[in-house]
Amino acid sequence: MIGRFRAHGPFRRVATTRKVAPGLLAALTGLAVLAGCSQQQSDMTAGGIYRFMGSTRNPDMETLENTVEYTVVPSSRAMVSAPQALVVFERNLGGAMEQRIILPNDTAVRGDNVMHIRAQTSRSAELNSFDFDEIAARFGAMPAPFERVNASSLQSGTDSLGTYVYARETVGANTLCVLVLRRLGVGARPLPRGTQALDVVMRNCVAGSMEQALAPMSDRSLGVTGAQGTVYTMSPHAAPRG
């Protein structure tokens, strides 16, 4: 069961299932090898087949995710405005630029408050839909305390950049945690060269209000980049596209 979030209007969940005959997927994947492709070409072909079959597998990206290391970059290189960032990590996944922006965590909840950003290409993601299972697979599962969250448990919200989905969890007497997922498409703001969408996943736990918890993921923050404070043109059609 796959939850896909479309662009126009509120997010809606489209459930799809595909039944694949035993051995068919392996046989199709093997065609690339039989055709004499390079390993990278074979992995890219296999990823396309997995995607067609409704699977979140992407061997090409899995290899890059497991081998390419992050480097620390100046906060001015952040793809979004994060003035409270403690450190910004970046890596290049074959043209898909990825950053992890670590935010302060003044609560007792384990783990980092983090904005995990990936500027996507057609090689790194399915650009025609914003799929929760694919995001969870590519971003390395969901952080605590949201390990059990699924597409059906997400709520939706809207701002001037479009639509986003989120989950909230109250921890103890005064700690609020949010998990927010959204996609910014072409037109919402300039993207790194060669990329077509900006996918952002944030875990933020605060001893405060919902507004404070959501603030780093707001249109005000995502419409601005780095330490320079450059305001990008915002578009009402910038939600995850289908």
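Cut-offs and rules
Throughout, residues of each chain are indexed from 1 in the direction in which the sequence is written. Under the rules for a predicted model, residues below a pLDDT of 70 receive no local features and side-chain atom pairs below 80 are neither given nor counted, while totals for whole chains, interfaces and linings still include all residues. Side-chain numbers here rest on the full set of heavy atoms in the structure, without hydrogens or water. Secondary structure is summarised from DSSP: a helix means a run of H or I of at least four residues, a strand means a run of E of at least two, and numbering begins at the N terminus for each. Between buried and exposed lies partly exposed: a residue is buried under 20% and exposed over 50% of the maximum accessible area for its type, with that area taken using a 1.4 Å probe on protein chains only. Note on contacts: a residue pair is in contact if any heavy atoms of the two residues lie within 4.5 Å. Put simply, a salt bridge is a Lys or Arg side-chain nitrogen that is within 4 Å of an Asp or Glu carboxyl oxygen. For the purposes of this analysis, a disulfide is any pair of cysteine sulfur atoms at a distance within 2.5 Å.

**Concerning the overall build of the protein chain**
So, point 1. Each helix and strand in the protein chain was counted, giving six helices and 13 strands.
So, point 2. In the protein chain, buried positions account for 49% of the 242 residues.
So, point 3. Taking as baseline every contact in the protein chain between residues at least 6 positions apart, the subset at least 24 positions apart corresponds to 57%.

**Observations regarding the pattern of salt bridges**
So, point 1. Enumeration over the complete set of coordinates arrives at eight salt bridges.
So, point 2. Glu65 serves as the salt-bridge partner of Arg118, at 3.1 Å between the closest nitrogen and oxygen. One end of the pair, Arg118, is in strand E6 (residues 113-120); the other, Glu65, is in helix H3 (residues 59-67), with 53 residues separating them in the sequence. Across the pair, exposure class does not vary: Arg118 and Glu65 are buried alike.

**A closer look at unusual backbone geometry**
So, point 1. Omega for the peptide link from Ala144 to Pro145 comes to 0 degrees, which places this bond in the cis form.
So, point 2. The residue Pro145 is located in the loop between helix H4 (132-138) and strand E8 (155-159) in this model.
So, point 3. Here Ala141, not a glycine, exhibits a phi torsion of approximately 70 degrees, which is positive.
So, point 4. Within the secondary structure layout, Ala141 lies in the loop between H4 and E8.

**Focus on the state of the cysteines**
So, point 1. Within the structure shown, the criterion is met by one disulfide.
So, point 2. Paired through a disulfide, Cys177 and Cys205 show a sulfur-sulfur distance of 2.1 Å. On the sign convention where negative is left-handed, the bridge of Cys177 and Cys205, at about 110 degrees about the S-S bond, is right-handed. Residue Cys177 is found in strand E10 (residues 175-185), and its partner Cys205 is found in strand E11 (residues 197-206); the two are separated by 28 residues along the sequence.
So, point 3. Taking the relative accessible area as the measure of exposure, Cys205 reaches 2% and is therefore buried.

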